[in-house]
Amino acid sequence: MEQGIVIKSTGSRYRVLYSEREITECTIKGKFRVKGLRTTNPVAVGDNVLFEFDKSKESGVITEILDRKNYILRRSSNLSKESQIIAANIDQVFLMITIILPSTPIEFIDRFLITAEAYRIPAIIIINKTDLYGHEENMKMEYLISLYEKIGYECFRLSVTGNTGIDIIKTIMKDKISLLAGNSGVGKTSLLNNFNPSLNLKTEKISDYHRQGKHVTTFPEMHRMPFGGFIIDTPGIRGFGVVDMERSEIYHFFPEIFKISKNCRYYNCLHLDEPECAVREAVEKGIIDPLRYRSYVNILEDENRKYR
Ligand SMILES: Nc1nc2c(ncn2[C@@H]2O[C@H](COP(=O)(O)OP(=O)(O)OP(=O)(O)O)[C@@H](O)[C@H]2O)c(=O)[nH]1
Ligand SMILES: [Mg+2]
Ligand SMILES: [Zn+2]
């Protein structure tokens, strides 16, 4: 029996890293299910597994998944109740966004952040492609940075192609398992190639017509970094479905809303149209950013629709 870590999963085959730098392909034996969770993939990138070699020693069979410290999910599709485990045993998540080419919607950012909050995984924001920004984009970037830093999220300005802002991110990623997420075309894979040119991973220009990425990376994959630690490159996710969350607790994962909600008149206030709602008052006074509040309401309404 050997122990290893899953570094890539493509449906039914798993690539497993063991004894520091050996890699083997594995399949799974039997059924693995997370209690109370319907997932499309039983084994995910980042899983620590036990496996046995075939007689040929060329491939193996995973026989056990060791306890997960955490995992991050996304809903398989909007309607489905099944979800997909994107990765497991993550120390921190980095959300890469861009102001233009493509423009990351704020609701996308917030959906990602509440997912990280729900799983209690520290989240950090990276704003890439600063080399492309003029006055207007810089204003927008600084607005977002001050908004998210006030809530408590660290933000970093980056230009992968301009080679600025890279070292600080390296320092934070060193010796950790980091998940790198963000919409398609923001430059996630480009950053990995910059960190480790020998990876030579596939990247692609975003389309001129749609001004969006082309979903170049299709499966999450974990890469060892030359400076120590691992980074999980993920496919540009169109959106995060809120998984594993009660409607009534969604606001718990907006830290600044949660804090103020303690002053609401009703303990079960959803901060919509209840009387004496401290959250709405704070929005009116500009203490809570109206864009964040709008994200909250939109996410809540989305969840409503699900139950109709
Ligand atoms: N101008 C500029 N372009 C960049 C920068 N970083 C990446 N790009 C370009 O953006 C395009 C998309 O980069 P990718 O690394 O493929 O993006 P991705 O986030 O991995 O996209 P998916 O795999 O589809 O999710 C490529 O043409 C990169 O060269 C940057 O800092 N500045
Ligand atoms: Mg990619
Ligand atoms: Zn309220």
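Small disclaimer: the values here were computed from a predicted structure and weren't measured.

**Some remarks on the overall build of the chain**
Okay, step 1: Looking only at helices and strands, one finds seven helices and 13 strands in the chain.
Okay, step 2: Looking at the chain alone, contacts between residues at least 24 apart form 64% of all its contacts between residues at least 6 apart.
Okay, step 3: Total accessible area on the chain stands at roughly 15,900 Å², and carbon and sulfur atoms take up 48% of it.

**Details of helix H3 (residues 166-173)**
Okay, step 1: Those residues of H3 that fall on the buried side of the exposure criterion are Ile166, Ile169, Ile172 and Met173. Taken end-on, H3 shows its buried residues confined to a sector of 130°, consistent with a single buried face. Along H3, exposed side chains directed more than 90 degrees from the buried face belong to Asp167 and Thr171.
Okay, step 2: Where H3 is buried, its residues contact strand S8 (92-97), strand S9 (123-127), strand S10 (154-157), strand S11 (177-181), helix H4 (188-195) and strand S13 (230-233).
Okay, step 3: Backbone geometry just after H3 places aspartate 175 at a positive phi near 65°.

**Details of the coordination of the zinc ion (ligand 3)**
Okay, step 1: Protein coordination of the zinc ion (ligand 3) is provided by Cys264 (SG), Cys269 (SG), His271 (ND1) and Cys277 (SG), with donor distances spanning 2.1 to 2.4 Å.
Okay, step 2: Between the four donor atoms coordinating the zinc ion (ligand 3), the angles at the centre fall across 103 to 117°, so the site counts as tetrahedral.
Okay, step 3: Donor residues for the zinc ion (ligand 3), ordered by position in the chain, follow C-x4-C-x1-H-x5-C.
Okay, step 4: With relative accessibility at 10%, the residue cysteine 264 sits in the buried group.

**Considering the pattern of salt bridges**
Okay, step 1: Counted according to the given criterion, the structure contains twelve salt bridges.
Okay, step 2: For glutamate 221, the salt bridge is made with arginine 15, and the minimal N-O distance between the two is 3.9 Å. Separated by 206 residues along the polypeptide, glutamate 221 in strand S12 (residues 221-224) and arginine 15 in strand S2 (residues 13-18) bring together distant segments of the chain.
Okay, step 3: The salt bridge partner of lysine 69 is aspartate 91, with a shortest N-O separation of 2.5 Å. Taken as a pair, lysine 69 in the loop between strand S5 (59-65) and strand S6 (71-75) and aspartate 91 in the loop between strand S7 (83-88) and S8 lie far apart in primary sequence, 22 residues in all.
Okay, step 4: What emerges from the salt-bridge pattern is a single network uniting Lys8, Arg15, Glu25 and Glu221.

**Structural notes on the packing of aromatic side chains**
Okay, step 1: Applying the stated rule across the entire model yields ten aromatic pairs.
Okay, step 2: Between tyrosine 18 and phenylalanine 51 the ring centres are 5.5 Å apart and the planes differ by 70°, which places this aromatic pair in the edge-to-face class. Of the two residues, tyrosine 18 is situated in strand S2 and phenylalanine 51 in strand S4 (residues 48-53); the sequence distance between them amounts to 33 residues.
Okay, step 3: Using a relative accessible area of 13% as the deciding quantity, one classes tyrosine 18 as buried.
Okay, step 4: Taking the centre distance of 5.7 Å and the plane angle of 80° together, the rings of phenylalanine 254 and tyrosine 296 count as edge-to-face. Of the two residues, phenylalanine 254 sits in the loop between S13 and helix H5 (255-261) while tyrosine 296 sits in helix H7 (residues 290-306), which places them 42 residues apart along the sequence. Of the two residues examined, phenylalanine 254 and tyrosine 296, each falls in the buried class.
Okay, step 5: Counting every residue linked through ring pairs, the aromatic cluster contains Tyr251, Phe254, Phe258, Tyr293 and Tyr296.
Okay, step 6: Cation over ring: lysine 262 sits above phenylalanine 258, and NZ or CZ is 4.2 Å from the ring centre.

**A word on the side chain of arginine 292**
Okay, step 1: Within the secondary structure, arginine 292 is located in helix H7.
Okay, step 2: Assessed through its relative accessible area of 0%, arginine 292 is described here as buried.
Okay, step 3: Within the structure, arginine 292 has its side chain in polar contact with the side chain of aspartate 110 (distance 2.6 Å).
Okay, step 4: Residues in contact with arginine 292, not counting those within four places in the same chain, are Asp110, Leu113, Leu147, Tyr148, Ile151, Phe254, Pro255 and Glu256.

**Quick notes on the site of ligand 1**
Okay, step 1: Residues in close proximity to ligand 1 total 22 residues, the closest being Asp131, Thr161, Ser184, Lys188 and Ser190.
Okay, step 2: Side-chain polar atom of asparagine 128 to an oxygen atom of ligand 1: 3.1 Å apart, as the coordinates give it.
Okay, step 3: In the model, an oxygen atom of ligand 1 is placed 3.0 Å from a nitrogen or oxygen of the lysine 129 side chain.
Okay, step 4: If ligand 1 stood free it would expose 660 Å²; the protein chains cover 90% of that surface.

Reading guide: rules and limits
Residues numbered from 1 in each chain as written. Chains lettered and ligands numbered in written order. Predicted model: local features only at pLDDT ≥ 70, side-chain atom pairs only at ≥ 80, totals over all residues. Heavy atoms only, no water. Helix = DSSP H or I, 4+ residues; strand = E, 2+ residues; numbered from the N terminus. Contact = heavy atoms within 4.5 Å. Areas by Shrake-Rupley, 256 points an atom, 1.4 Å probe, with all protein chains shown as cover. Buried < 20%, exposed > 50% of the residue type's maximum accessible area, 1.4 Å probe, protein only. Arc of directions from axis to C-beta. Donors = N, O, S within 2.8 Å, 3.2 Å for Na, K, Ca; no water. Tetrahedral: all angles 85-135°; square planar, octahedral: opposite > 155°, others 65-115°. Salt bridge = Lys/Arg side-chain N within 4 Å of Asp/Glu carboxyl O. Phe/Tyr/Trp six-rings, centres within 6.5 Å; stacked < 30°, edge-to-face > 60°. Lys NZ or Arg CZ within 6 Å of the ring centre and 35° of its normal. Polar contact = N/O pair within 3.5 Å; in protein donor to acceptor, adjacent residues only side chain to side chain. Near = heavy atom within 4 Å.

Spatial relationships are all this shows, so hold off on functional conclusions.
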